[in-house]
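Here's the letter readout for the chains.
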Amino acid sequence: MTTPAGSSNGPLLRVEDVSKHFGGLVAVNHLTFEVEEGEILGIIGPNGAGKSTILGVISGFYPATAGKVFFEGQDITNLKSHGIVQLGIGRQFQASTLFMSLSVLDNVYYGFHLGYKTPVWNRLLRFPSALREERELRARGAEILDQMGLGAVKNEITKNLPHGHQRILGVCIALATDPKLLLLDEPMTGMNQTEIATMLELVRGIRESGITIVMIEHNMSAVMSLCDRIVVLDHGQEIAEGLPWEIRENDQVIEAYLGKDEFLLDD
Ligand SMILES: Nc1ncnc2c1ncn2[C@@H]1O[C@H](COP(=O)(O)OP(=O)(O)O)[C@@H](O)[C@H]1O
Ligand SMILES: [Mg+2]
């Protein structure tokens, strides 16, 4: 047995000197950080700091302008997004990308096909094994929904779900791709306190199931209680990295947020 280079003792993910320009705008500027297997890494920073852009580069949504991304030691820079999903990086789906007129379970079922090269219709022609496979995938989808607290609404039409449930469904679709690394972009936005508490528990549960997590989040008390380590971005660059308490007391971090009411350390 051979193991892929870097998989046994290197970081799970390494972002190495990555820049991303949109025309003349530098959204991410020579950014380097690592994600260790098993951790929950938080990414915070003011609006426009480049947080969503770096997740877009990691997941193959945007090509990097410069720099490299390594996953389990393998260079994945500029692989297409379906190839990156196949390797084990899942990205939470935003409410705007859900199939609103389909059932909750159908949305997760769709998630199973995201990492496949062969189109769904092509696979479905392979009758009858396709039927058995569909049954198995639906059962697995129902299992994911149960784990994430949506089992009772699996046959509801998605548009009828409350906002908080739609966001959780976006995570369920990512889980259907069987990720080793899950990328979350502000999973708690627009949620009430009860929904936030639920999401915190769900994210902890996902990590306990063995999935590493990178999470962008504005809600500081959520970030501070959930994350093992935090990377702070400002103007596309890392300005601090450390344990939650270190970040909370970091002068440069406080400076970057100063006068911005979004930095709600005490909420
Ligand atoms: N697709 C895009 N095209 C052009 N500019 C973009 C695009 N996406 C993001 N930007 C710009 O890049 C910068 C970083 O954006 P973003 O990564 O969304 O920040 P954050 O998620 O930290 O709020 C912003 O100035 C934003 O306007
Ligand atoms: Mg963003």
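Residues numbered from 1 in each chain as written. Chains lettered and ligands numbered in written order. Predicted model: local features only at pLDDT ≥ 70, side-chain atom pairs only at ≥ 80, totals over all residues. Heavy atoms only, no water.

1. Here's the deal with the side chain of Ser 59
Part 1 of the argument: By the secondary structure assignment, Ser 59 is in the loop between α1 (51–58) and β4 (66–71).
Part 2 of the argument: Judged by its relative accessible area of 8%, Ser 59 falls in the buried class.
Part 3 of the argument: Among the polar contacts listed, one links the side chain of Ser 59 to the backbone oxygen of Leu 55, at a separation of 2.8 Å.
Part 4 of the argument: In this view, Ser 59 contacts Ser 81, Ile 84, Arg 91 and Leu 183; residues no more than four positions away in its chain are not counted. (Helix = DSSP H or I, 4+ residues; strand = E, 2+ residues; numbered from the N terminus. Buried < 20%, exposed > 50% of the residue type's maximum accessible area, 1.4 Å probe, protein only. Polar contact = N/O pair within 3.5 Å; in protein donor to acceptor, adjacent residues only side chain to side chain. Contact = heavy atoms within 4.5 Å.)

2. Quick look at the site of ligand 1
Part 1 of the argument: Every residue lining ligand 1 is accounted for by Phe 22, Leu 25, Ala 27, Pro 46, Asn 47, Gly 48, Ala 49, Gly 50, Lys 51, Ser 52, Thr 53 and Tyr 62.
Part 2 of the argument: Between ligand 1 and the protein, one listed contact pairs an oxygen atom with a backbone N or O atom of Gly 48 at 2.8 Å.
Part 3 of the argument: Separating an oxygen atom of ligand 1 from a backbone N or O atom of Ser 52 is a distance of 2.9 Å.
Part 4 of the argument: When ligand 1 is considered free in solution it has 560 Å² of accessible area, and contact with the protein chains removes 62% of it.
Part 5 of the argument: At the level of elements, β2 (25–35) and α1 are the ones that each hand at least two residues to the shell around ligand 1.
Part 6 of the argument: It is α1 that provides the largest number of residues to the shell around ligand 1, a total of three residues.
Part 7 of the argument: Partitioning the shell around ligand 1 into residue classes produces six nonpolar, five polar and one charged. (Near = heavy atom within 4 Å. Areas by Shrake-Rupley, 256 points an atom, 1.4 Å probe, with all protein chains shown as cover. Nonpolar A, V, L, I, M, F, W, Y, C, P; charged D, E, K, R; others polar.)

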